[in-house]
Amino acid sequence: MATLGIDFGTSNTAAGVLAAGRPHLITVEPGRKTLPTSVFFDYDRKVTTYGSVANAALIDGREGRFMRALKSVLGTPLMRERRQIAYARLTLLEVVAQFLQMIRERAEAETGQTYDVALSGRPVRFHSLDPVRNAQAEVDLREAYLIAGYKDVSFMYEPEAAALASGPLEAGALGLIVDIGGGTSDFSIFERQGDRTRIIASHGVRVGGTDFDRAISITEVMPLLGRGAEVRNAIGDGRHTAPNAIFNDLATWQKIPFVYTPENRRMAEDFAKLGIDPVPFARLESVLDMELGHDIAFAVEAGKIQINKPDISDAGIDLRVIERNLWARLTKAAMAAVLADHAAQIRQCAIETLAMADLAPDRISKIVFVGGSSLLHVIEDEMTALFPHAALERAEAFTAVADGLAIAAARDLPL
Ligand SMILES: Nc1ncnc2c1ncn2[C@@H]1O[C@H](COP(=O)(O)OP(=O)(O)OP(=O)(O)O)[C@@H](O)[C@H]1O
Ligand SMILES: [Mg+2]
């Protein structure tokens, strides 16, 4: 029975095994060790594609259904609702299972091994505020692995896996993994005893890059589609503000596939007629009509990454799929302001992790940054303010968790 280590991420997925004593990551896409956790159901060809191929199908405007951030749905009732997705009636649980099966097939094709057991990463808390949902999320993920044909699955906290794969740490010194991904932020305090890694405390919060995208989209993009704008009442001469729900859903990666309902289209049509300023609502109408929600989300994500670069102070969010020359402006200051609450939540979670281990911040000698969103300066600033004496290690942001799972998968027991 061979075990495959799998980091099923909100945004990116990687898988690995131990080979000659070192983590070996599967080439999950030609030339790449990670692939976007994206799925595209192609209407015309009646095939399902994954990763970069799925992203490209969306960007190319192929007819079909695109999904990303499925991990965020684990634990919620939406996971088990059976609905028509393109050419098949499926639950999202089955979609996740198909994705995990594709990973297994690619690993088996590359290594010639059969992987009937999975060692899967999981965030410390899928859902921070709801313990029932948090527990259900692992139940759902386990079931997805079983549907995918794995005979058994065990779980390991993602930051604990990253600790296994991190660089050297002096005896007696303490390290802190700061793993800020697409969906969650996770922390583990650890030490080394010989070549063993001992975990002292782990903690997490459901905040990540997809929430940053959402916040940026709501404040910087959605007003261009009518968020906060006024609409005349259909009857009488009063007016009201357009309801927020449609804008919130359009800004939320995992909700976008479900916004293109006849009701929402009708509402946008009415707003375009009754809006005091009809222009933004006409844009909303065409976004729903042409199913551009994911295109907007990708544009927001690209703008976020662009403005984070050191030599750039003003970036645009490219909305030209909606309208000629339409851009939303994004400055460094605006992004810092929009993300301030999220950054504070992440800081609070780091403080709570210390409290769980009864440690003062100056006991941490090294911070290891993991996860794509740890590349954001807002995050680094929070962490360096909290741990001014710690050395900073930049691990392989996108593969450290999978490396650790590959190491742990080769042992009888995780850790
Ligand atoms: N250069 C960058 N600067 C800032 N953010 C980035 C950068 N590159 C990627 N990101 C963001 O990082 C996130 C993805 O990171 P990562 O792949 O580590 O997440 P994940 O492992 O899929 O998610 P999770 O662990 O939360 O389930 C996305 O939100 C993406 O927008
Ligand atoms: Mg991750």
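Residues numbered from 1 in each chain as written. Chains lettered and ligands numbered in written order. Predicted model: local features only at pLDDT ≥ 70, side-chain atom pairs only at ≥ 80, totals over all residues. Heavy atoms only, no water.

1. Quick look at helix α2 (residues 92-111)
Filter applied, for reference: Secondary structure elements are defined from DSSP: runs of H or I of at least 4 residues count as helices, runs of E of at least 2 residues count as strands, and each element is numbered from the N terminus. In this scheme, a helix's expected span is set at 1.5 Å multiplied by one less than its residue total. The buried label goes to any residue with under 20% of its type's maximum accessible area, the exposed label to any with over 50%, and the partly exposed label to all in between, with areas taken from a 1.4 Å probe on protein chains only.
Look at α2: 29 Å from first C-alpha to last across 20 residues, which is about the 28 Å you get at 1.5 Å a residue. Every buried residue of α2 is accounted for by Leu 92, Leu 93, Val 95, Val 96, Ala 97, Phe 99, Leu 100, Met 102, Ile 103, Arg 104, Ala 107 and Glu 108. Once α2 finishes, Gly 112 follows within two positions and takes phi at roughly 75 degrees, a positive value.

2. Some words on the site of ligand 1
Here is the rule: Note on terminology: near, applied to a residue and a molecule or strand, indicates that one of the residue's heavy atoms is within 4 Å of it. In protein, a polar contact requires one atom able to donate a hydrogen and another able to accept it; more generally it is a pair of N or O atoms within 3.5 Å, and residues adjacent in sequence count only if both atoms are side-chain atoms. Put plainly, a pocket is an open set of points on a 1 Å grid over the protein atoms alone with protein on both sides within 12 Å along at least five of seven lines, a cavity is a set where a 1.4 Å probe fits but cannot get out, and a lining residue has an atom within 4 Å of a point. Placement in a cavity or pocket follows one criterion, namely that more than half of the molecule's atoms lie within 2 Å of its grid points. For this classification, Asp, Glu, Lys and Arg are treated as charged, while Ala, Val, Leu, Ile, Met, Phe, Trp, Tyr, Cys and Pro are nonpolar and the rest, including Gly, are polar. Each domain's extent was defined by an automatic or database domain assignment.
What surrounds ligand 1 is a group of 22 residues, the closest being Thr 10, Ser 11, Asn 12, Lys 71 and Glu 301. In the environment of ligand 1, an oxygen atom lies 2.7 Å from a nitrogen or oxygen atom belonging to the side chain of Asn 12. Under a 2 Å grid-point criterion requiring more than half of the atoms, the pocket assigned to ligand 1 is the largest pocket. Elements with a contribution of two residues or more to the shell around ligand 1: α5 (209-221) and α9 (293-307). Of all the elements, α9 adds the most residues to the shell around ligand 1, at three residues. Looking at the shell around ligand 1 residue by residue, the class counts come to four nonpolar, 14 polar and four charged. Two domains share the shell around ligand 1, each providing at least three of its residues, namely domain 1 (2-166 + 396-409) and domain 2 (170-394).

3. A closer look at the domain arrangement of the protein
Going by this rule: Whether two residues are in contact is decided by their heavy atoms, any of which lying within 4.5 Å being enough. A simple way to read buried area is as the amount of 1.4 Å-probe accessible surface that goes missing from two parts once joined, with both sides added. For this analysis, a salt bridge means a side-chain nitrogen from Lys or Arg found within 4 Å of a carboxyl oxygen belonging to Asp or Glu.
Domain parsing of the protein yields domain 1 (2-166 + 396-409) and domain 2 (170-394). With 35 residues of domain 1 at the contact, the number on the domain 2 side is 35 residues. Between domain 1 and domain 2, the buried area comes to about 2900 Å², and carbon and sulfur atoms account for 59% of it. Scanning the region where domain 1 abuts domain 2 turns up one salt bridge.

4. With respect to the packing of aromatic side chains
Short version of the rule: Aromatic rings from Phe, Tyr and Trp, with only the six-membered ring used for Trp, were paired whenever their centres fell within 6.5 Å, and each pair was classed as stacked if the ring planes differed by under 30 degrees, edge-to-face if by over 60, and tilted otherwise.
This structure, assessed with the given rule, holds eight aromatic pairs. Considering the side-chain rings of Tyr 50 and Phe 99, the 5.8 Å spacing of their centres and the 75 degrees angle between planes classify their relative orientation as edge-to-face. In this pair, Tyr 50 sits in strand β6 (residues 47-50) while Phe 99 sits in helix α2, placing the two residues 49 residues apart along the sequence. Under the relative-accessibility criterion, Tyr 50 is labelled buried at 12%. By relative accessible area, Phe 99 is classed as buried at 1%.

5. Considerations on the side chain of Arg 104
With respect to the helices, strands and loops of the structure, Arg 104 is situated in helix α2. Judged by its relative accessible area of 15%, Arg 104 is buried. When sequence neighbours within four positions are dropped, the list of residues in contact with Arg 104 reads Leu 4, Tyr 115, Ala 148, Gly 149 and Tyr 150.

6. Some remarks on the sheet that holds strand β14 (residues 196-205)
Quick note on the threshold: Pairing between strands is defined by DSSP: at least two bridges between them are needed. Angles run from 0 to 180 degrees between N-to-C directions of axes, and those axes are lines fitted to C-alpha atoms, restricted for helices to the stretch in contact.
Read across the open sheet, the five strands follow the order β14-β13-β12-β19-β20; overall the sheet is mixed. Unpaired on one side and paired on the other, β14 and β20 (391-394) mark the two borders of the sheet. Neighbour to neighbour, the strand axes of the sheet diverge by 20 degrees on average, direction disregarded. The sheet contact formed by strand β13 (residues 185-193) and β14 spans nine bridges and is antiparallel. Along β14, the bridge assignment pairs Ser 188 with Ser 202. This element, helix α10 (residues 332-356), spans β12 (174-180), β13, β14 and β19 (364-370) of the sheet and lies at about 135 degrees to β14.

7. Looking at the environment of Asp 277
Here Asp 277 is to be found in the loop between α7 (262-274) and α8 (278-289). Sequence separation between Asp 277 and Val 231 is 46 residues; the distance between their C-alpha atoms is 8.1 Å. At 3.0 Å, the side chain of Asp 277 and the backbone nitrogen of Val 279 are in polar contact.

8. Things to note about the pattern of salt bridges
This structure, assessed with the given rule, holds 24 salt bridges. For Arg 45, the salt bridge is made with Asp 42, and the minimal N-O distance between the two is 3.4 Å. With a relative accessible area of 1%, Asp 42 lands in the buried category. Close ionic contact of Glu 81 with Arg 83 constitutes a salt bridge, the shortest N to O distance being 2.9 Å.

9. Quick word on the pairing of β19
We apply this condition: Whether a crossover is right-handed depends on one test, that the path from the first strand over the helix to the second runs clockwise when the strands point away from the viewer.
Burial within β19 is extensive, with six of its seven residues counted as buried. In this sheet, β19 lies alongside β12 in parallel orientation, the contact comprising six bridges. Its bridge partner lying in β19, Asp 179 is registered against Val 370. Summarising the sheet, β19 and β20 pair through four bridges and their orientation is parallel. Paired with Ile 367 across the strands is Leu 392, a residue of β20. Viewed along the sheet, the connection from β19 through helix α11 (residues 377-386) into β20 turns out right-handed.

10. As for unusual backbone geometry
Phi at Ala 20 takes a positive value of approximately 50 degrees, unusual for a residue other than glycine. Counting through the fold element by element, Ala 20 comes out in the loop between β2 (12-19) and β3 (22-25). The exposure class assigned to Ala 20 is exposed, which follows from its relative accessible area of 85%. If you check the backbone angles, Lys 46 has positive phi at about 55 degrees while not being a glycine. Counting through the fold element by element, Lys 46 comes out in the loop between β5 (38-42) and β6. Residue Lys 46 is classed as exposed on the basis of its relative accessible area of 56%.

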